[in-house]
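Read off the chains here:
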Amino acid sequence: MKRNTTKEPSISNINEIINSLKENNRFHEIETGEERNYLIETYGCQMNEHDSEKLEGFLTQMGYEKTNSRESADLIIFNTCCVRENAELKVYGKLGALKHLKKRHKDLIIAVCGCMMQQEHVVKYIQKTYPHVDLIFGTHNLHNFPSLLEKTLNNKEAIVDVWDQEGEVIEGLPVNRRYGIKSYVNIMYGCNNFCSYCIVPYTRGRERSRKVSDILVEIKDLISKGSKEVMLLGQNVNSYGKTLEREVDFSDLLEEVVKIQGIERIRFMTSHPKDLSDKLIDTMAKHSKICNHIHLPLQAGSNKVLKEMNRKYTQEDYLTIVQKVRKKIPGIAITTDIIIGFPNESPEDFQETLKVAKFAEFDSAFTFLYSIREGTPAASKEWQVPEEIKKERFQALKNLIDSTAYQNNQRYLNRKVSVLVEGTSKKNDKVLTGRTETSKTVNFPGDQTLIGEILTVKITAAKTYSFDGVII
Ligand code: SAH
Ligand code: SF4
Ligand code: F3S
C-alpha cells in the first residue's frame, strides 16, 4: 500500500483530465456510432453509495452513459464493502464471473474500489486470482479516479493505487445524485472509535469533519435543484466538529441546516450512544424539520460484551438515553444495529441483549452475525461462538424485534401521517411508496406525478415492516 506521498490533485487538474477523457469518448462515438457505457455495483453502507454517486458524477462529465447490463458495459466498477465476510464473498463471486465477459469484450475495463481495497491482503489476492481486473483503488483516493482511469486506458498493465491514509477533504467535485428528492450529504469522514470488531476505522481512516460553510453550500444547492430531504452522513455524527478549527458541534450544525429555505426534512446517521448529548436531543425536539427518528446502534446488551467491544457505554447508559429521547420527543422511532455472537458471548450475555431490546421497544433493527475481520482486536479472541448458536440467537432476537415493531406500528392505525413520496412500488406502478417522518414505509394508491410531494396519508393497515394507506 502506498504512503500518501503523491501530491493531492487540484480541482483544475482533475477537470483537465475529465475534459480529455470526454474528447476521447466523443471521438469513439464518431468513429463507432456508439457511446461508451458504465455500470457501477455498490455494496455496503450509505458512505459507499454516496461515493458511487461521486464516481457517477465524474463519469457523466466524461461523457459515459449509464447501463444496467454488464454485456453492454465498457467499464464495470465494483465499489466494495468489507464490514462482514459475506459482503466480500459476494464480490469475489462476481469478479470470477466477469472473466468470460472480458474474453468476449477485449476493451472492457474492470475496476474495483471501496473499503475492501484498503486491506493489503485483499489487493494481493485479487491481483493473483483475478488477473482480468484492470484497476484497483481505495477509499482515500476516490478523487483521483479520473487520472487513474486515464492511466488504465493508456496502459497494458493493471493499475493499483491504494493510499494508506486519508488525504485532505476535497470540495467541489461533481456528484450524480441517485434520488432528486432525497440526498446524501457527507458531514464527516472516517472514524476514531475502534470498536474491537470493526474494520471501518482501518478502511476509512481517522475522523475529519467538513466545514459548516461547505456543507451548507452543498445543501442549498441540492434544495435549489428540488431535494426535499437531506441525510447527513458520518460514522458517528455526534462527534461532528471535533477536527475543525472553530469550535462547533453537531447541534450547532443542525441549527444552521434547519434555517435553509425550502428544506423539508433532515435526517442523519449514525449516532454513537456514547456521544449523544442532551443538547442534541433538545435540538431535535425543538425543530419539526429534524425527523422524529434516531438510529442508535446498541451492538450488545451485556455490559461485559459492550466493554469488550470497546463501545464506551453501559446497558444503563443506553437505556437512560432511550428514556430521555422518548420523553422529550414523543412518538420518535428508535432503530438500531445489533451484533450476535461476539466472541465469548454467553447465553446470559445474549439474554441481556434481549432484555435491552425489549425495554427499548425498537422500531426496527439490523441484526448481524458476528464476522471475524482480520486485523481487528476481536479477531484474535479465542472463543468464537459456533455458527448454529449464532443462528439460533439471531432468530430469537428477530422474533422479539418483529413483535416490538408490530406493536409500535399499531399506534399508527387510522392516524394521518405526512409521507414524502419516493417512487412507485416495485410490484405495481399504480401504488406509490414513501416514508413517514419516523422512516416507516407507506404504500398507497396514487399517481406518479405525486412523486417528490409530501402528502397526508391515512394509515389503513399497520404491518411489521410497512403500512398501507390512502391519500386524504
Ligand atoms: N458507524 C456505525 C456503523 C458502521 S458499520 C456505527 O457505529 O453504528 C454498520 C454495522 O455493521 C455496525 O453498527 C455493526 O452492527 C455491524 N458490524 C460492524 N462490524 C461487524 C462485524 N465484524 N461483524 C458483524 N457485524 C459488524
Ligand atoms: Fe465501526 Fe464503531 Fe466506528 Fe461505527 S463507531 S464505524 S462500529 S468503529
Ligand atoms: Fe461502509 Fe462497508 Fe466501508 S459498511 S464504511 S462500505 S466497510
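Residues numbered from 1 in each chain as written. Chains lettered and ligands numbered in written order. Predicted model: local features only at pLDDT ≥ 70, side-chain atom pairs only at ≥ 80, totals over all residues. Heavy atoms only, no water.

The name that an unreviewed UniProt entry assigns to the protein chain is tRNA-2-methylthio-N(6)-dimethylallyladenosine synthase, with the source organism given as Isachenkonia alkalipeptolytica. The annotation that UniProt attaches to the protein chain under Subcellular location (unreviewed entry) is "Cytoplasm". The annotation that UniProt attaches to the protein chain under Catalytic activity (unreviewed entry) is "N(6)-dimethylallyladenosine(37) in tRNA + (sulfur carrier)-SH + AH2 + 2 S-adenosyl-L-methionine = 2-methylsulfanyl-N(6)-dimethylallyladenosine(37) in tRNA + (sulfur carrier)-H + 5'-deoxyadenosine + L-methionine + A + S-adenosyl-L-homocysteine + 2 H(+)". (UniProt positions renumbered as here; feature names shortened; annotations may be inferred.)

S.K.: Mind showing me how you'd approach helix 5 (residues 145-154) here?
M.R.: Since there are 3.6 residues in each turn of an α-helix, residues three or four apart along the chain are aligned in direction. For helix 5, the set of buried residues is Phe145, Pro146, Ser147, Leu148, Leu149 and Thr152. Among the structural elements, helix 1 (11-32), helix 2 (46-61), strand 3 (75-80), strand 4 (109-114), strand 5 (135-137) and strand 6 (159-161) are those in contact with the buried residues of helix 5. (Buried < 20%, exposed > 50% of the residue type's maximum accessible area, 1.4 Å probe, protein only. Helix = DSSP H or I, 4+ residues; strand = E, 2+ residues; numbered from the N terminus. Contact = heavy atoms within 4.5 Å.)

S.K.: Is there a simple way to explain the UniProt feature "domain: TRAM" (unreviewed entry) in the protein chain in this structure?
M.R.: The UniProt entry lists residues 410-472 under the feature "domain: TRAM" (unreviewed entry), expressed in the numbering used here. Along residues 410-472 one finds 2% helix and 56% strand; the C-alpha atoms at either end are 20 Å apart.

S.K.: What is the right way to read the site of ligand 1 from this model?
M.R.: In the vicinity of ligand 1 lie 15 residues, with Gln235, Pro297, Gln299, Asp337 and Ser371 positioned nearest. Interatomic distance of 3.0 Å between a side-chain N/O atom of Arg84 and an oxygen atom of ligand 1. For ligand 1, an oxygen atom lies 2.7 Å from a polar atom in the side chain of Gln299. Protein chains bury 90% of the 540 Å² of accessible surface belonging to ligand 1 in isolation. Among the secondary structure elements, those contributing two or more residues to the shell around ligand 1 are strand 13 (333-340) and strand 14 (364-369). Tallied by class, residues from the shell around ligand 1 come to 7 nonpolar, 4 polar and 4 charged. Of the residues that make up the shell around ligand 1, three or more belong to each of domain 2 (179-291) and domain 3 (324-410). (Near = heavy atom within 4 Å. Polar contact = N/O pair within 3.5 Å; in protein donor to acceptor, adjacent residues only side chain to side chain. Areas by Shrake-Rupley, 256 points an atom, 1.4 Å probe, with all protein chains shown as cover. Nonpolar A, V, L, I, M, F, W, Y, C, P; charged D, E, K, R; others polar. Domains from an automatic or database assignment.)

S.K.: So what exactly am I meant to see when it comes to the nonpolar core here?
M.R.: For soluble globular proteins, the rule of thumb is that nonpolar side chains tend to be buried together. Counting 64 residues, the largest nonpolar core has Ile219, Leu232 and Phe250 as the members making the most contacts within it. No fewer than three residues from each of domain 2 (179-291) and domain 3 (324-410) sit in this core. Apart from the residues lying within four places of it in its own chain, the contact partners of Ile219 are Val185, Val230, Leu232, Val257, Ile260 and Ile263. With 27 residues, the next largest nonpolar core counts Phe78, Tyr92, Val112 and Ile199 among its residues. (Core = buried A, V, L, I, M, F, W, Y, C linked by side-chain atoms within 4.5 Å.)

S.K.: Help me out: how do you make sense of the sheet that holds strand 7 (residues 182-186) in this one?
M.R.: In a beta sheet, neighbouring strands are held together by backbone hydrogen bonds and run either parallel or antiparallel to one another. Strand order in the open sheet formed by 3 strands is 7-10-11, and the pairing between neighbours is parallel. Each edge of the sheet is formed by a strand with only one pairing partner; in this case those strands are strand 7 and strand 11 (265-269). Each neighbouring strand pair of the sheet contributes to a mean axis angle of 25 degrees, computed without reference to strand direction. Where strand 10 (residues 229-233) and strand 11 come together, 5 bridges link them in parallel fashion. Across the sheet, Leu233 pairs through a bridge with Met269, a residue of strand 11. Where helix 8 (residues 250-257) meets the sheet, it contacts strand 10 and strand 11, and its direction lies at approximately 155 degrees from that of strand 11. (Pairing = 2+ DSSP bridges. Axes fitted to C-alpha atoms, helices over the stretch in contact; angles between N-to-C directions.)

S.K.: Is there a simple way to explain the domain arrangement of the protein chain in this structure?
M.R.: When cut into domains, the protein chain gives domain 1 (11-161), domain 2 (179-291), domain 3 (324-410) and domain 4 (416-471). A separation of 25 Å is found between the C-alpha centroids of domain 2 and domain 3. With 11 residues of domain 2 at the interface, the matching set in domain 3 holds 14 residues. For the pairing of domain 2 and domain 3, the buried interface totals around 1100 Å² over both sides, and the portion due to carbon and sulfur atoms is 70%. Summed over the three residues of domain 2 that lose the most area to domain 3, namely Ser196, Tyr197 and Ile281, the buried surface amounts to 48% of that side. Counting every contact that joins domain 2 to domain 3 gives 2 salt bridges. Between Asp278 and Lys324 there is a salt bridge, with the nearest N and O atoms lying 2.8 Å from each other. Scanning the region where domain 2 abuts domain 3 turns up 3 residue pairs in polar contact (both at pLDDT 80 or more). When residues of the side of domain 2 that touches domain 3 are assigned to their parent elements, the largest contribution, 5 residues, is made by helix 9 (residues 278-286). Per-class residue counts for the side of domain 2 that touches domain 3 are 8 nonpolar, 1 polar and 2 charged. (Buried area = accessible area lost by both parts, 1.4 Å probe. Salt bridge = Lys/Arg side-chain N within 4 Å of Asp/Glu carboxyl O.)

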